[in-house]
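Survey of secondary and tertiary structure
Next come the chains, spelled out residue by residue.
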Amino acid sequence: MQLFYLDHIQPQDSHFYFNEEEHKHLVRVLRKNEGDLVHVTNGKGYMFKAELIEIASKKTKAKVLSVTQAPPRRYNLHLAIAPTKMNDRIEWFLEKATEIGIDRISFILCDHSERKKIKLERYQRVLVSALKQSLHYKLPEVSELVPFSKFIQSAKATHQFIAHCYDEEKILLSQSIKLQEDYLLLIGPEGDFSTAEVQQAVNQGFKPVSLGNSRLRTETAGIVGVHTFALLHE
């Protein structure tokens with residue numbers, strides 16, 4: 001199934017128009033014709049089955065035939081991660097995390113961070129592309145880069161974890177998860193969180209966890225975290 005993304009469609013709509021980007025893909029790449037059926041998501045948990053009823057040079061109109069709502073995820077996962085020095089690595093993480101399933105991604109600026117600016121608009125395009133490829137109906141939220149201390153002070157998840165590599169008492173993330181709950185997981189930069197950041201997080205109620213015995217790259221640690229939650233909720 002080919003899935004398209006249009007964030008402006010509402011469940012009550014009977015008709016809608018494709019934006020310029022999706023219109024070009026429909027007409028020039030896929031060579032769709034009037035009468036063809038298409039599937040579209042608004043990224044808010046809904047999938048629309050529609051019929052193309054008008055294809056012009058610059059716009060395509062479709063009639064909604066049916067609307068399907070995806071069942072809610074049995075848990076809520078917010079992952080905060082320090083962006084990697086190499087931009088393609090964090091984009092890989094965004095793509096794979098979306099495919100596996102995640103609700104929100106935030107970027108944090110840490111003491112050891114090497115990347116101090118992000119291209120949020122580009123990252124959002126990566127998320128949309130992964131959403132369409134994986135046939136998901138819910139687009140993860142993504143937030144701008146904020147300082148670590150500011151972020152943890154405003155954190156509100158029921159269960160809050162910080163994954164770090166220091167030799168201190170930690171338990172495995174997989175043993176810390178209670179099913180069908182609300183979670184926030186912090187993943188640090190290439191040089192790990194500073195000891196001061198770990199202590200600050202602990203003071204704010206974050207629980208130190210381990211992702212296993214291997215020393216992981218930032219983006220790999222992020223994927224291991226996302227997959228651990230998904231696997232335990234299968």
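Everything numeric here is computed off the predicted structure, so don't read it as measured data.

Observations regarding the overall build of the protein
- Check the secondary structure of the protein and you find 6 helices and 12 strands.
- Along the three orthogonal principal directions, the C-alpha set of the protein runs to about 65 × 35 × 30 Å.
- Out of the 234 residues in the protein, the part that is buried amounts to 44%.
- Counted over contacts in the protein with a minimum sequence separation of 6, partners at least 24 positions apart contribute 73%.
- Carbon and sulfur atoms make up 46% of the accessible area of the protein, which amounts to about 12,400 Å² in all.
- Taken as two groups, the 31 positive and 29 negative side-chain charges of the protein have centres that lie 4 Å from each other.

Let's talk about the pairing of strand β4 (residues 46-55)
- Note that strand β3 (residues 37-41) and β4 share 5 bridges and pair antiparallel. Opposite Val 38, over in β4, you have Ala 50 as the bridge partner.
- Between the antiparallel neighbours β3 and β4 lie 4 residues, among them Gly 43 with a positive phi of about 75°.
- Two strands pair when backbone bridges link them, and β4 and strand β5 (residues 60-69) are joined in this way by 9 bridges, in the antiparallel orientation.

Some remarks on the packing of aromatic side chains
- Counted according to the given criterion, the structure contains 7 aromatic pairs.
- Between the aromatic rings of Phe 161 and Tyr 183, the centroid separation amounts to 6.4 Å while the plane-to-plane angle is 20°, which identifies the pairing as stacked. Residue Phe 161 is located in strand β9 (residues 159-163), and its partner Tyr 183 is located in strand β11 (residues 182-187); the two are separated by 22 residues in the primary sequence.
- When its relative accessible area of 2% is taken as the criterion, Phe 161 is described as buried.
- Three or more aromatic residues joined by ring pairs make a cluster, and in this case those are Tyr 75, Phe 161, Tyr 183 and Phe 229.
- Geometry around Tyr 75 places Arg 73 over its ring, the cationic atom sitting 5.6 Å from the centre.

So, the sheet that holds strand β2 (residues 15-17)
- Strands sit in the order β1-β3-β4-β5-β2 across an open sheet of 5 strands; the sheet is mixed. Of all the strands in the sheet, the pair left with one neighbour each is β1 (3-5) and β2. The mean angle between the axes of side-by-side strands here comes to 45°, regardless of whether they run parallel or antiparallel.
- Summarising the sheet, β2 and β5 pair through 3 bridges and their orientation is antiparallel. What sits directly across from His 15, in β5, is Lys 63.
- Packing of helix α1 (residues 20-29) onto the sheet brings it into contact with β1, β3, β4 and β5, and relative to β1 it is tilted by some 150°.
- Sitting on the sheet, helix α3 (residues 120-134) is in contact with β1 and β3, with an inclination near 150° to β1.

Reading the values: the criteria
All residue numbers refer to positions counted from 1 along the written sequence of the respective chain. For this predicted model, a pLDDT threshold of at least 70 governs which residues receive local features, and a threshold of 80 or more governs which side-chain atom pairs are given and counted, while totals over whole chains, interfaces and linings are taken from all residues. Each side-chain value is worked out from all heavy atoms of the structure, with water and hydrogens disregarded. Segments assigned H or I by DSSP are reported as helices when at least four residues long, segments assigned E as strands when at least two residues long, and all are numbered from the N terminus. Buried residues are those whose accessible area, probed at 1.4 Å on protein chains only, stays under 20% of the maximum for their type, while exposed residues exceed 50% and partly exposed ones sit between those limits. Should any heavy atoms of two residues lie within 4.5 Å, those residues are considered in contact. What sets the accessible areas is the Shrake-Rupley method with a 1.4 Å probe; for residues, cover comes only from the shown protein chains. Charge assignment in this entry is limited to Lys and Arg as positive and Asp and Glu as negative, and neither His nor the chain termini are counted. We put the charge of a Lys on NZ, of an Arg on CZ, of an Asp on CG and of a Glu on CD. Here, any two strands with at least 2 DSSP bridges between them count as paired. Each pair of aromatic rings taken from Phe, Tyr and Trp, with Trp reduced to its six-membered ring, is defined by centres within 6.5 Å and is described as stacked if the planes are under 30 degrees apart, edge-to-face if over 60, and tilted in the remaining cases. Charge over a ring is defined by NZ of Lys or CZ of Arg lying within 6 Å of the ring centre and within 35 degrees of the ring normal. To get an axis, fit a line to the C-alpha atoms, keeping to the stretch in contact for a helix; angles then go from 0 to 180 degrees between the N-to-C directions.

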